[in-house]
Amino acid sequence: GAVVSQHPSWVICKSGTSVKIECRSLDFQATTMFWYRQFPKQSLMLMATSNEGSKATYEQGVEKDKFLINHASLTLSTLTVTSAHPEDSSFYICSARWDGQETQYFGPGTRLLVL
Amino acid sequence: DAKTTQPTSMDCAEGRAANLPCNHSTISGNEYVYWYRQIHSQGPQYIIHGLKNNETNEMASLIITEDRKSSTLILPHATLRDTAVYYCIVLAGSGTYKYIFGTGTRLKVLA
């Protein structure tokens, strides 16, 4: 149980284009989903927290207009990187938890390369 | 800032127990300690968590000191597939449900 998937697993795009990453909880209803970013040889950095049906809460220094997060249902959250630039190239990971549970379950990650 | 500190790296011989320490001296009385591991280019995998008492599951054991300021994750019989970065995590704050990742311990299991 507690499986989280992400799609796509990797994506290459041109600079200036937008990329959407999906995060799904497959066998539970996710009250909260989290989005992280990880650069090579570094730890995970929390970008934002999203609760179903409400606006995401972004961490300090994360541009909300650049990283659009939608959590429209209890099993799906999306992260859209708008007008992507090479410095946005990174490993993006989502996690999810359900109501009454602190433990987060992580997706396999999405590797983004912006050319 | 991370609320936990861990050694940067450790080596362990295959078949031996791997003991990974973590300091969390500012932990609050009702905060759990969580352990995850991340194998290269994958998402973190949940291992175990605990509050006060020692915990054991099919993957590992967690020993928490009586004052709760530190804990040790034990992999009883390490295999090459246990080579990964291990993260000890305490929530960012009560009621936030947010994890703040530290640098973790890079465990290398040697044949």
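Scroll up a little and you will see the structure.
Residues numbered from 1 in each chain as written. Chains lettered and ligands numbered in written order. Predicted model: local features only at pLDDT ≥ 70, side-chain atom pairs only at ≥ 80, totals over all residues. Heavy atoms only, no water.

## Brief notes about the pairing of strand β7 (residues 67–73) of chain A
Residues and elements named next belong to chain A.
1) Next: For β7 and strand β8 (residues 76–81), the ladder comprises 5 bridges, and the chain directions are antiparallel. Paired with Phe-67 across the bridge in β8 is Val-81.
2) Next: Hairpin connection between β7 and β8: a loop of 2 residues separates the two successive antiparallel strands. (Pairing = 2+ DSSP bridges. Helix = DSSP H or I, 4+ residues; strand = E, 2+ residues; numbered from the N terminus.)

## Some details on the state of the cysteines
1) Next: Under the criterion given, the structure shown has 2 disulfides over all chains.
2) Next: Disulfide pairing is shown between Cys23(A) and Cys94(A); the S-S distance is 2.0 Å. On the S-S bond that ties Cys23(A) to Cys94(A), the torsion sits near 80 degrees, and the link is right-handed. With Cys23(A) in strand β3 (residues 19–25) and Cys94(A) in strand β9 (residues 90–97), the pair connects residues that are 71 residues apart, well separated along the chain. The exposure classification of Cys23(A) matches that of Cys94(A), with both residues buried.
3) Next: Free of any disulfide, Cys13(A) has its nearest cysteine sulfur in Cys94(A), 18 Å distant.
4) Next: Overall, Cys13(A) belongs to the buried group, its relative accessible area being 10%.
5) Next: Its sulfur unpaired, Cys12(B) is 18 Å from the next cysteine sulfur, which belongs to Cys22(B). (Disulfide = S-S within 2.5 Å. Buried < 20%, exposed > 50% of the residue type's maximum accessible area, 1.4 Å probe, protein only.)

## Some points on the sheet that holds strand β9 (residues 105–110) of chain B
Residue and element names in this part refer to chain B.
1) Next: Strands sit in the order β1-β9-β8-β3-β4 across an open sheet of 5 strands; the sheet is mixed. The strands lining the two open edges of the sheet, one partner per strand, are β1 (9–13) and β4 (45–50). Direction aside, neighbouring strands of the sheet carry axes that sit 25 degrees apart on average. (Axes fitted to C-alpha atoms, helices over the stretch in contact; angles between N-to-C directions.)

## A short note on the interface of chain B and chain A
1) Next: The interface of chain B with chain A comprises 18 residues on the first partner and 20 residues on the second.
2) Next: When chain B packs against chain A, the two sides together hide about 1,600 Å² of surface, and 54% of this comes from carbon and sulfur.
3) Next: Seen at the junction of chain B and chain A, the total is 1 salt bridge.
4) Next: A salt bridge links Glu59(A) to Lys98(B); the nearest nitrogen and oxygen atoms lie 2.9 Å apart.
5) Next: On the surface where chain B and chain A come into contact, there are 9 residue pairs in polar contact (both at pLDDT 80 or more).
6) Next: Counting only elements with at least two residues in the side of chain B that touches chain A, the list comes to β3 (33–38) and β4 of chain B. (Contact = heavy atoms within 4.5 Å. Buried area = accessible area lost by both parts, 1.4 Å probe. Salt bridge = Lys/Arg side-chain N within 4 Å of Asp/Glu carboxyl O. Polar contact = N/O pair within 3.5 Å; in protein donor to acceptor, adjacent residues only side chain to side chain.)

## A look at the packing of aromatic side chains
1) Next: Inspection of the entire model under this criterion finds 16 aromatic pairs over all chains.
2) Next: Seen in terms of ring centroids, Tyr36(A) and Phe101(B) are 5.6 Å apart; in terms of plane orientation they differ by 85 degrees. Their pairing is edge-to-face. On the criterion of chain membership, the pair formed by Tyr36(A) in strand β4 (residues 32–38) and Phe101(B) in the loop between β8 (84–90) and β9 is interchain, its members lying in two chains. Side by side, Tyr36(A) and Phe101(B) carry an identical accessibility label, which is buried. (Phe/Tyr/Trp six-rings, centres within 6.5 Å; stacked < 30°, edge-to-face > 60°.)

## Observations concerning the sheet that holds strand β7 (residues 70–75) of chain B
Residues and elements named next belong to chain B.
1) Next: In space, the 4 strands of this open sheet follow the order β2-β7-β6-β5, with antiparallel pairing throughout. With partners counted over all chains shown, the strands left at the sheet margins are β2 (18–23) and β5 (55–56), one partner each.
2) Next: Bridge count between β2 and β7: 6 bridges; the pairing is antiparallel. Residue pairing across strands places Pro-21 opposite Thr-72, the latter belonging to β7.

## Looking at the nonpolar core
1) Next: Counting residues in hydrophobic clusters, the biggest one holds 25 residues, and the most contacted among them are Val4(A), Trp35(A), Phe67(A), Leu79(A), Tyr92(A) and Leu112(A).
2) Next: Dropping the residues within four chain positions of it, Leu112(A) is found in contact with Val11(A), Cys13(A), Val19(A), Val81(A), Asp88(A), Ser89(A), Ser90(A) and Tyr92(A).
3) Next: Grouped together as the second largest cluster of nonpolar side chains are 21 residues, Ala18(B), Cys22(B), Ile27(B) and Leu73(B) included. (Core = buried A, V, L, I, M, F, W, Y, C linked by side-chain atoms within 4.5 Å.)

## Thoughts on the environment of Tyr105(A)
1) Next: Tracing the sequence through the fold places Tyr105(A) in strand β10 (residues 105–106).
2) Next: Taking the C-alpha atoms as reference points, Tyr105(A) and Phe39(A), separated by 66 residues in sequence, lie 20 Å from one another.
3) Next: Here Tyr105(A) is in contact with Ala2(A), Val4(A), Cys94(A), Ser95(A), Ala96(A), Trp98(A) and Tyr46(B), once residues within four sequence places are set aside.

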